[in-house]
Amino acid sequence: MTETRTSPTPERSHTTRLRRSWYPAALTVLTLGTIAAYLVNLSANGWANSFYAAAVQAGSEDWEAFLFGSLDSANAITVDKPPAALWLMALSARVFGFSSFSMLLPQVLLAGVSVLLIVHSTRLGLRSHVGTGVERAAALGAGAIFAVSPVVALMFRFNNPDALLVTLMIGAVVATQRALRAVHARPRENPTGDGRSGTARSVTLWLILAGICLGLGFLTKQFQVLLIVPGIALAWVLFARTSWPRRLLWLLIPIASTVLSAGWWIALVELTPVDSRPYVGGSQTNSFLELTFGYNGFGRLTGDETGSVGGGGGGWGETGLTRLFTGSFGQQVSWFLPTALFLLAVTAVLLILAEAARRRVAPAVTVGDGSDTTDRGSLGAAVLIWGGWLIITGLVLSMMNGIVHEYYTVALIPAIAVVIGLGVGVLLDRPGVVSRLLLAVAWALTGAWQFIISSSMTGLPGILRWSVLIVSVLGALVLIATSQRRIGAAVSSALVAVAIIGSAAIPAQLSVRTIAGTTQGSIVTIAGTGSGMGGGPGGGGMPRGGGPDGGAGLPGGGAGLPDGSAERAGIPGGGGGMGGLLNGSEPSDELIQRLDEDASDYTWVAATTGANQAAGYQLGLEEPVMAIGGFNGTDPSPTLEQFKQLVAEGRIHYYIGSSSGGGQGPGGADSGSSSAQIAAWVEANFESTTLDSATLYDLSAG
């Protein structure tokens, strides 16, 4: 008898296609939507942080400046970070021409890459532990949390190194997850043994990639990238399904690739004769290693930072576990932080209980190579990696006694997003009353905390805050009321949609306002907040940048730094076109015209104390301007004798001082610093002319 098959109806075919295509479509919309949103009003940020903008400009003009990360194309001194983040922006400037948009474009594209990596990481963690639909929805939710977080909208449209650092950190995690997945894969049945060698090759390549991401992360912001290493290493040791000797031996691969991918540049800097490269900005001995372990290393933790002009001893705000939940810090990062910590604890407990139950029922049996026959899972590894990232990075940011800024918290957002995605995915897939109650607690906690943390912020409508609170509480009550009954797919989908929209409403509003505003300066915060200079109360916005109602850099002279630090650093203050410690100068057309006279006859058109001072003039002139003393004006570069020699050789045209008065001559009050000695020598030996609130000394007339 012939079996007759019924052809699928058009409605069923349409439903099947929809089920297959909704996820790729949603992921595409999320990724491209994030990029498109972040591109809006991008050029309004101008040069953003003029300190890094000047280095990008220099790198787009001179390959030596590109390689070392010099502030100017004549290679006097570098920025106080390694140059990896500058490389991307300088390459974009070389391709499209140097402009605000071409400089910031790579940062926006990194946001799209980060969204994709976060979604993929969440799926890798949940795969085989939850249903496919829940896996995809939770992963998209994690990506959305990242995309709507206001501090992400701030820093992925800005030219600080943090955007590249965060993307590389996520990349290292994903590469490790892929390596774990590869080592779990059974070798193909193949008499030649190619399957096992293919598996080993795949594992090796993914571990190499993880190490490269870490190495490049080190060349972006030094030690900060290493905060994720404990979680990665522990997850590999505990969850790589192979023999213990092989697990430990395989760890050597990412270690070696990390050392090689970062070490070549470090060796280049340290081994190149000092007279054949620019001075290492931020160091006192012209050493990148000193910069790494001192000013950008342990000094950030202890506050003992040689060359710093502020901080130490609590000068950058109160330390402690509450830092990330209060004041301006809390307003940058904590919108989903309590929820993430709650779900991290819940997921960890559920995993421990599940493992204990599994061992009671079926103890693990090992095969010849010592590996478990049971895949203990990608979920445990993901929770350990991302939970370790969240806890370790959070503790370091909370306890830093040295220089710390609110925007550093952007490094927590990927961990917050993925931990929430993992926790919600696990609970959604688990039947029973307990899971429903835990989801209700998470929802109510999110709304209540956002209501509390937004209470002191400006520009947030009261109706929005109350709506988020009421919706979260009512939604939680609905989950509790229906916890003992089965609800339909339509109701479940509606609840999930309401939860997502309600929880994202306030962060999304702040992100939109941050994007619509202008973000400039060295210290930037999201819209509606002001820099607390290390954790003080928010709302005290600085005059420039940071979006509407938001603070950024400080006005000339670095006013607002702890204990009058700008004056001690010798940074000229004043108004008009003069900048300060934290903001680039804004020279007038008249001043630019004067400085541009015979510019081609000199290596440096001008020299001035402080990198932001020099950066503003350089960006306006499009000619090299020497930053005496680096960022803070405290680096011993150049020395007085070196400066005299350059002047005698006719390589510097003007010295730019300050006409702000106040008993402080150009170079500041610290007579022992190189910048102050140079200022005093210039003042004693050259005549001055005041123009646009700046004091010009023509060094060619001596």
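Analysis parameters
Within each chain, residues carry numbers counting from 1 in the order of the written sequence. Restriction of local features to residues with pLDDT of at least 70 applies here, the model being predicted, together with a cutoff of 80 or more for giving and counting side-chain atom pairs; totals for whole chains, interfaces and linings are based on all residues. Water and hydrogen atoms were dropped before computing side-chain values, which therefore reflect all heavy atoms in the structure. Only DSSP runs of H or I reaching four residues or more are called helices, and only runs of E reaching two or more are called strands; each is numbered from the N terminus. Throughout, exposure labels follow a simple rule: accessible area from a 1.4 Å probe, protein chains only, divided by the maximum for the residue type, with under 20% read as buried, over 50% as exposed, and the rest as partly exposed. Here, two residues are considered to be in contact whenever any of their heavy atoms come within 4.5 Å of each other. All accessible areas in this document rest on Shrake-Rupley with a 1.4 Å probe, and a residue is counted as covered only by the protein chains that are shown. One less than the residue count of a helix, multiplied by 1.5 Å, gives the span that helix is expected to have. Counted as a polar contact is a pair of N or O atoms within 3.5 Å, where, for protein atoms, one must be capable of donating a hydrogen and the other of accepting one, and residues adjacent in sequence contribute only when both atoms are in side chains. Residues with no salt bridge and a relative accessible area higher than 30% make up the patches, which join like charges within 9 Å and nonpolar side chains (Val, Leu, Ile, Met, Phe, Trp, Tyr) within 5 Å. Salt-bridge detection follows one rule: a side-chain nitrogen of Lys or Arg within 4 Å of a carboxyl oxygen of Asp or Glu. Should DSSP find at least two bridges between two strands, the strands are regarded as paired. Definitions used for this entry: grid spacing 1 Å over protein atoms alone; cavity, a set of points where a 1.4 Å probe fits but cannot get out; pocket, an open set with protein on both sides within 12 Å along at least 5 of 7 lines; lining residue, one with an atom within 4 Å of a point. Grid points are joined across faces, edges and corners, and a volume is the space filled by probe spheres set on the points. Any residue outside Ala, Val, Leu, Ile, Met, Phe, Trp, Tyr, Cys, Pro, Asp, Glu, Lys and Arg is labelled polar, Gly included; the first ten of those are nonpolar and the last four are charged. When the strands point away from the viewer, a crossover counts as right-handed if the path from the first strand over the helix to the second runs clockwise.

**Re the overall build of the protein chain**
Secondary structure summary: the protein chain contains 24 helices and five strands in total. Out of the 702 residues in the protein chain, the part that is buried amounts to 57%. Sequence-distant contacts, at least 24 apart, represent 74% of the contacts inside the protein chain between residues at least 6 apart. Here the protein chain displays about 27,600 Å² of accessible surface, and carbon together with sulfur accounts for 62% of that area.

**Some points on helix 24 (residues 674–685)**
For helix 24, which comprises 12 residues, the first-to-last C-alpha distance of 16 Å matches the rise-based estimate of 16 Å (1.5 Å per residue) to within 8%. Along helix 24, the positions that sit buried rather than exposed are Ser674, Ser675, Ala676, Ile678, Ala679, Trp681 and Val682.

**With respect to the side chain of Ser100**
Within the secondary structure, Ser100 is located in helix 5 (residues 100–126). The exposure class of Ser100 is buried, given its relative accessible area of 11%. Here the side chain of Ser100 touches Gly46 through a polar contact of 2.5 Å, landing on its backbone oxygen. Excluding residues within four positions of it along the chain, Ser100 makes contact with Leu42, Ser43, Asn45, Gly46 and Trp47.

**Notes on a nonpolar patch on the surface**
Together, Val433, Leu437, Trp466, Ile470, Val473, Leu474, Leu477 and Ile480 give the surface a local cluster of nonpolar side chains, amounting to about 680 Å² of exposed area. Of all elements in the fold, only helix 17 (433–453) and helix 18 (462–481) reach the threshold of two or more residues within the nonpolar patch. For the nonpolar patch, the element with the highest residue contribution is helix 18, accounting for six residues.

**A word on the pairing of strand 4 (residues 688–691)**
Looking at chain direction, strand 4 and strand 5 (residues 694–698) are connected through four bridges and run antiparallel. When the bridges of strand 5 are listed, Thr690 appears paired with Thr695.

**Some thoughts on unusual backbone geometry**
With omega at -10 degrees, the peptide bond leading from Ser637 into Pro638 counts as cis. When you line up the elements, Pro638 lands in the loop between strand 2 (625–628) and helix 23 (640–648). Even without being a glycine, Ala48 presents a positive backbone phi close to 55 degrees. By secondary structure assignment, the location of Ala48 is in the loop between helix 1 (10–39) and helix 2 (50–61). For Ala48, a relative accessible area of 5% puts it in the buried group. Residue Asp692 is not a glycine yet carries a positive backbone phi of 55 degrees. Of note, Asp692 is situated in the loop between strand 4 and strand 5.

**Some thoughts on the environment of Gly387**
Relative to the helices and strands, Gly387 is located in helix 15 (residues 378–399). The sequence separation of Gly387 and Val419 amounts to 32 residues, and the corresponding C-alpha distance is 6.8 Å. Non-local contacts of Gly387, meaning those with residues more than four positions away in its chain, are made with Leu344, Ala382 and Val419.

**Some remarks on empty space enclosed by the protein**
For the coordinates displayed, the defined rule picks out six cavities of 30 Å³ or more. The calculated volume of the second largest cavity comes to roughly 60 Å³. If you trace the second largest cavity, you find it lined by Phe68, Thr78, Val79, Lys81, Trp265, Val269, Arg277, Pro278, Val280 and Phe288. Per-class residue counts for the lining of the second largest cavity are seven nonpolar, one polar and two charged.

**Some details on the environment of Thr446**
As for its position among the elements, Thr446 is in helix 17. Using a relative accessible area of 4% as the deciding quantity, one classes Thr446 as buried. Along the primary structure Thr446 and Ala499 are separated by 53 residues, whereas in three dimensions their C-alpha atoms are 9.7 Å apart. Not counting the four nearest positions on each side in its chain, Thr446 is found in contact with Trp335, Phe336, Thr339 and Ser503. Side chain to side chain, Thr446 and Thr339 meet in a polar contact 2.6 Å long.

**What about the pairing of strand 1 (residues 604–609)?**
Where burial is concerned, most of strand 1 is hidden: six out of the six residues are buried. For the segment spanning strand 1, helix 22 (residues 611–621) and strand 2, crossover handedness is right-handed.

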